[in-house]
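Spelled out, the chains give:
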Protein chains: 2
Amino acid sequence: MTTDPLVIFTPSGQRGNFPVGTPILTAARQLGVDLDSVCGGRGICSKCQITPSYGEFSKHGVTVANNALSEWNSVEQRYKDKRGLIEGRRLGCQATVQGDVVIDVPPESQVHKQVVRKRVEARDITMNPSTKLFYVEVQEPDMHEPSGDLERLITALAEQWDLHGVRVDLHILQTMQPILRKGEWKVTVAVHLGDAENPPRIMHIWPGYYDGTVYGLAVDLGSTTIAAHLCDLQSGEVVASSGIMNPQIRFGEDLMSRVSYSMMNEGGDKEMTRAVREGMNALFVQIASEAEIDKDLIVDAVFVCNPVMHHLFLGINPFELGQAPFALATSNAMRLRADDLGLNIHPAARVYLLPCIAGHVGADAAAVALSESPNTSEDLVLVVDVGTNAEILLGNKEKVLACSSPTGPAFEGAQISSGQRAAPGAIERVEIDPITKEPRFRVIGSDIWSNEDGFPDAIATTGITGICGSGIIEMVAEMRLAGIVDGPGLIGSPAQTGTDRCFLDGRTYSYLVWDGSADGGPKITVTNRDIREIQMAKAALYSGARLLMDKFGVDKVDRVVLAGAFGAHISPKHAMVLGMIPDCPLDKVTSAGNAAGTGARIALLNTDARNEIESIVKEIHKIETAIEPRFQEHFVNASNIPNSVEPFPILNSIVSLPDLNFNQGSGGDDAEDGSRRRRRRRG
Amino acid sequence: MTTDPLVIFTPSGQRGNFPVGTPILTAARQLGVDLDSVCGGRGICSKCQITPSYGEFSKHGVTVANNALSEWNSVEQRYKDKRGLIEGRRLGCQATVQGDVVIDVPPESQVHKQVVRKRVEARDITMNPSTKLFYVEVQEPDMHEPSGDLERLITALAEQWDLHGVRVDLHILQTMQPILRKGEWKVTVAVHLGDAENPPRIMHIWPGYYDGTVYGLAVDLGSTTIAAHLCDLQSGEVVASSGIMNPQIRFGEDLMSRVSYSMMNEGGDKEMTRAVREGMNALFVQIASEAEIDKDLIVDAVFVCNPVMHHLFLGINPFELGQAPFALATSNAMRLRADDLGLNIHPAARVYLLPCIAGHVGADAAAVALSESPNTSEDLVLVVDVGTNAEILLGNKEKVLACSSPTGPAFEGAQISSGQRAAPGAIERVEIDPITKEPRFRVIGSDIWSNEDGFPDAIATTGITGICGSGIIEMVAEMRLAGIVDGPGLIGSPAQTGTDRCFLDGRTYSYLVWDGSADGGPKITVTNRDIREIQMAKAALYSGARLLMDKFGVDKVDRVVLAGAFGAHISPKHAMVLGMIPDCPLDKVTSAGNAAGTGARIALLNTDARNEIESIVKEIHKIETAIEPRFQEHFVNASNIPNSVEPFPILNSIVSLPDLNFNQGSGGDDAEDGSRRRRRRRG
């Protein structure tokens, strides 16, 4: 008695014996090997391509003969002649087992293929999208056994794909009958596979075999910008990325001014909802046109945003978020239809909003948690998403804490006298000589320092227009290191600092960075008011982080991840000199880029990640800074540069911070002003 | 040791021992006694009113002392003082057990109360509506344990009402926060309890205790008229009924002409969809205004209709229903939202369409099956829903068969020379003296026969304007009985019939019923063409029924139910003389009124009935008359009055049908004309 041939799949290593004549696709399915197919084994889609290996495999204990797979049959040969096939590849549904064989499943033939992320510490994304394509052959209608076309289509999905309980939206039903007939009862169906709240659902039908794909959007809906990635839901590839300014900016720069707008103006919330949805639709038109695809092929969309944007986007008045106890209308993840939100993509496209963590810690923070996974970290990681509102996560695999802190827009260059958004001409890097107190800097658009040859030429087209967010952080930190600013945040007089770049400017001193007035450009200075703004912002950030450390019961963290587009440009050393982030080895401070956007993309491409983040968020312990008595104390301490009580030993081992106090009696007033402003931002 | 007091509930007879101090509502819930409550035992809603009985109950073996229930507490007393309470009633949630007691639950305190139907043979409706009201107290937001208002509301429904997995539509979420605060965290929630496809869902929220109700619509969407009943979903009461003409009539009187319209006119189906939905919305405005309620309180709607109306209402082109194999887009029941169909009731109102049985046997036939329950009948019942298209069901508890037959509009007085819709002035009852051949008749609006004193006065305001559908049936049957028309359907000459009321009218004879020309009124005659129209219509009906009898393997039925508004006015004897329905004892021919509308009402008030009819429909065996070879043979036989081959022994024992043949050689041509017309109607 002979045993059936052995089939070994790589890279999974799954193996089993199958009778001669078994198609490789069938063997793969029986073993649970991850081998794709859209046409269900009819030799049409070629998604099940595999690479047989021949020869001796001592590792597996088999020898594969040249005739281990069947000869090319007519279906396979026709496919190859018509469409072409990479040398060595076979169609898994046509090639059958003839002898022991080793079969490699190339990545593009795997359903759950990996989308590799660039950062070393970031985990890859496993493809498991909401919506997949299925080719089916539907039974024709029969007067003797009357049943609806839909019911026979649903039966075909159940019988041919083991998809049960599939439902359909009315608009599909309205267009289905001619498509079935055009395809001669063979159709390709895009099926949303269902989720915690919804059964599987037919999203689209094409006559015959549809040789295309469907798309999804990962959208990071920020207070200032809306950024979207358009992804191929089969390959996971980002096919286009685009962004626009949030049109709500005309109602207020920061969140609390928008909440105020909705309070002060009857129907103001509805105006803002309309504005953000219109902006979103404009962005979708733009991104679809960039990718040269039909908008109706966008069948899924994931949104991340802070709680105020979350409410305004959903059409919920954010009133309650403007006052204690900051009650969210809903905190759980939302599963909606695009038309619920007036979004002009596929009419039945599914929309997923990540859960909010708390009234001030939104779905964007949840997305950061999904992307950065503090909950699986062996070491204690502080994740800071730096923006107008900072979301802060602290944790490891034991537990994760979260809070938000109203940093205000200073880190984005707003409310800074020479501040500006990051754009060509903006100062982004700064060094100040501690002896001469002379600055040198670089502007966006050029790699040449201001004291290097060729600088005037390099900036000829852009000019020097102001200081961007990351530039102001370096500037203040460098002023502190150079002894121009003292710990409490006062700029010294020319006498105290030994440089005429410090000049009396009203009641306090300012520092002259660049005088472009000779060429008709601006005079770029840092005023003491600017220093105060940065102090308030960084104190808010630090005291939030410090509060989480208190709650965690630690005095230090193992590593810091700076998230947010802005976070990518911050110099760790300068951030630490400023006391924005806790003391920590500099090489343990990394940037995660737009982690919220990445979290959205993970949730888009892998629906398991949606369940995962919903569980994670339930486990995250939320801290409301507004009612924590120690927050105020931390805030006051953190107003100092870097801090009036924290020792920052690692920082002090790298840099030497001059021990100065220029106190002339005006700091207290200013600090109080800032504190008042901060409270106002919170509402 | 004493045992706890015994509590006996009537009428259910459920009983149990409960500790002294147990509220009656609690005891009822523990025993599963059907006792209503909206406020959850807070003494607010009074839905749990009960009547304690005192004295000796030998039947139950208990004596109830006067102090068997607790004294009136302040909550109960306040309710009575403020709102009043029927003498002898107590609030079940406040009155507690003190000794053995017999508690009667009055019908209005039962959740699953019975809505009694008028007809003896009709089963009552058990209340089990889709949507119920629940009063809850919601936990206030807490910054230390942040969660959304919605999540706390959902928790309250789970904890206080055992309602789990409740979801919410976006529009509720958009309005929920101010309502929760206005009600000081006490709200009444209307919850759709979910169904086979959907989880429970919040439909509406009111601040505090809402002392009202919610409503549902049962809509019979006919080709000619749209009729709706507005029902109180708590009491089951019909609070208003209203109807309008189907605005699609302008696109074609019968179904097939509407299908043709959609084929011949690009976008014609969309025009008709818009027309029927607009008509529906106008009807809803009308019915809500009659009942003096807010349309937004209509949270559920059930629709029954034939397949063509079904598709047009859903926005599906009915093209396929106009040609073999008559493929429905979908045959299963549909669960939708009102806004999917553009209906202006509560924005999230749920819509339920009963399943279709086959391409020609629609949700209206399913509704008739639900109302008349042939599937539970001990004897073999033929149910005929008489309309432009007749739906026919034949069955008993063993099996049920169904078909439809295109009778055309003759039974509604259309295509009849003196025909008219049933309205004052229309002849509705007829007798013809078999000796004198003189007719006497009654018109709608008067109870006086035309040969009785006072007739001219009685009709003075209406006149005599024509013959309605039931009138024409009696007329032709009486003409047949009186020997004016022969079996093949020819009107005899004056010589053959012995009356000058028969007169040559073109190539054939007509019969003069009434000559109102002296008073400026119409001359009402029955032409031989009229007889042909009725022959075609009744032959279509009979041959459908006969085909089902063949398939069932029977030659006779035990009883006949005439459904449809028109069916209510048909005289069984005359219908049988005509050979519309099979031979059967006359007292076994009953009318069910608008059974399709009743079926809709049952499905509205009792959601279990929805699952029931979905199962029943799956079991019904469908016969497509268009492809049954014997249909044509039955049709030809049934063209005779009553029938050229069927003996009708019971009918012949009651009446004597003259054995006549006026054949003058023209019958064959006319019959062929009719057959052509019939085929055209089918498309």
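Per an unreviewed UniProt entry, chain A goes by ASKHA domain-containing protein and derives from Pseudohalocynthiibacter aestuariivivens.

Draft legend 1. Quick peek at the environment of Tyr509(B). All names here are of chain B. Relative to the helices and strands, Tyr509 resides in strand 27 (residues 508-515). Among the residues examined, Tyr509 registers 25 C-beta atoms within 10 Å and is labelled buried. Along the chain, Tyr509 and Val168 lie 341 residues apart, while their C-alpha atoms are 69 Å from each other. Those residues in contact with Tyr509 that sit more than four places away from it in its chain are Ile491, Gly492, Ser493, Cys502, Phe503, Leu504 and Asn528.

Draft legend 2. Just the sheet that holds strand 12 (residues 186-192) of chain A, in detail. All names here are of chain A. The strand order 10-12-13-11 describes an open sheet built from four strands, whose pairing is mixed. With one partner strand each, in any of the chains shown, strand 10 (131-137) and strand 11 (167-168) form the two edges of the open sheet. As defined by bridge partners, strand 12 adjoins strand 13 (residues 201-207) across six bridges and the pair is classed as antiparallel. Bridge pairing in strand 13 places Val191 opposite Ile202. Across the face of the sheet, helix 3 (residues 149-161) comes into contact with strand 10, strand 11 and strand 12 while running at roughly 105 degrees to strand 10. Packed on one face of the sheet, helix 4 (residues 170-182) meets strand 11, strand 12 and strand 13 and runs near 35 degrees to strand 13.

Draft legend 3. Spotlight on the sheet that holds strand 21 (residues 390-395) of chain A. Residues and elements named next belong to chain A. Across the sheet, six strands lie side by side as 30-29-20-21-22-31; this open sheet has mixed pairing. The open sheet has two edge strands, strand 30 (589-593) and strand 31 (621-622), and neither has a second partner. Where strand 29 (residues 559-563) and strand 30 come together, four bridges link them in parallel fashion. When the bridges of strand 30 are listed, Leu562 appears paired with Ser591.

Draft legend 4. Seen up close, the environment of Gly469(A). Residue and element names in this part refer to chain A. Tracing the backbone through its elements, the reader meets Gly469 in helix 10 (residues 469-481). Judged by the 27 C-beta atoms lying within 10 Å of it, Gly469 is buried. Considered as a pair, Gly469 and Glu412 are 57 residues apart in the sequence and their alpha carbons are 4.4 Å apart. Discounting residues that sit within four places of it in the chain, Gly469 has contacts with Phe411, Glu412, Gly413, Ala422 and Phe566.

Draft legend 5. Up close: the nonpolar core. Judged by nonpolar contacts, the single largest core of 373 residues is most densely connected at Val384(A) and Val384(B). Contacts of Val384(B), omitting those with residues within four sequence positions, involve Ala390(B), Ile392(B), Leu541(B), Ala545(B), Val560(B), Leu562(B), Ala563(B), Gly567(B) and Ile581(B).

Draft legend 6. Region of interest: the relation of the copies chain B and chain A. If you rotate chain B by 180 degrees and push it 0.0 Å along the axis, it lands on chain A with an RMSD of 0.3 Å. Here the two chains are linked by the operation of a two-fold rotation axis. When each C-alpha of chain B is compared by its distance to the rotation axis, Asn198(B) comes out closest, at 4.1 Å. An overlap of 97% is found between the interface residues of chain B and their copies at the interface of chain A, pointing to a shared contact surface.

Draft legend 7. Spatial organisation of the interface of chain B and chain A. Contacts between the two partners involve 37 residues from chain B and, on the opposite side, 36 residues from chain A. Secondary structure elements with two or more residues in the side of chain B that touches chain A: helix 3 (149-161) and helix 4 (170-182) of chain B. Element by element, the count of residues in the side of chain B that touches chain A is highest for helix 4 of chain B, at five residues. Taken together, the residues of the side of chain B that touches chain A break down into 18 nonpolar, ten polar and nine charged.

Conventions adopted
- Residues numbered from 1 in each chain as written.
- Chains lettered and ligands numbered in written order.
- Predicted model: local features only at pLDDT ≥ 70, side-chain atom pairs only at ≥ 80, totals over all residues.
- Helix = DSSP H or I, 4+ residues; strand = E, 2+ residues; numbered from the N terminus.
- Buried ≥ 20, exposed ≤ 12 C-beta atoms within 10 Å, placed from the backbone.
- Contact = placed C-beta atoms within 7 Å.
- Pairing = 2+ DSSP bridges.
- Axes fitted to C-alpha atoms, helices over the stretch in contact; angles between N-to-C directions.
- Core = buried A, V, L, I, M, F, W, Y, C linked by C-beta atoms within 7 Å.
- Least-squares fit on C-alpha atoms with pLDDT ≥ 70 in both.
- Nonpolar A, V, L, I, M, F, W, Y, C, P; charged D, E, K, R; others polar.

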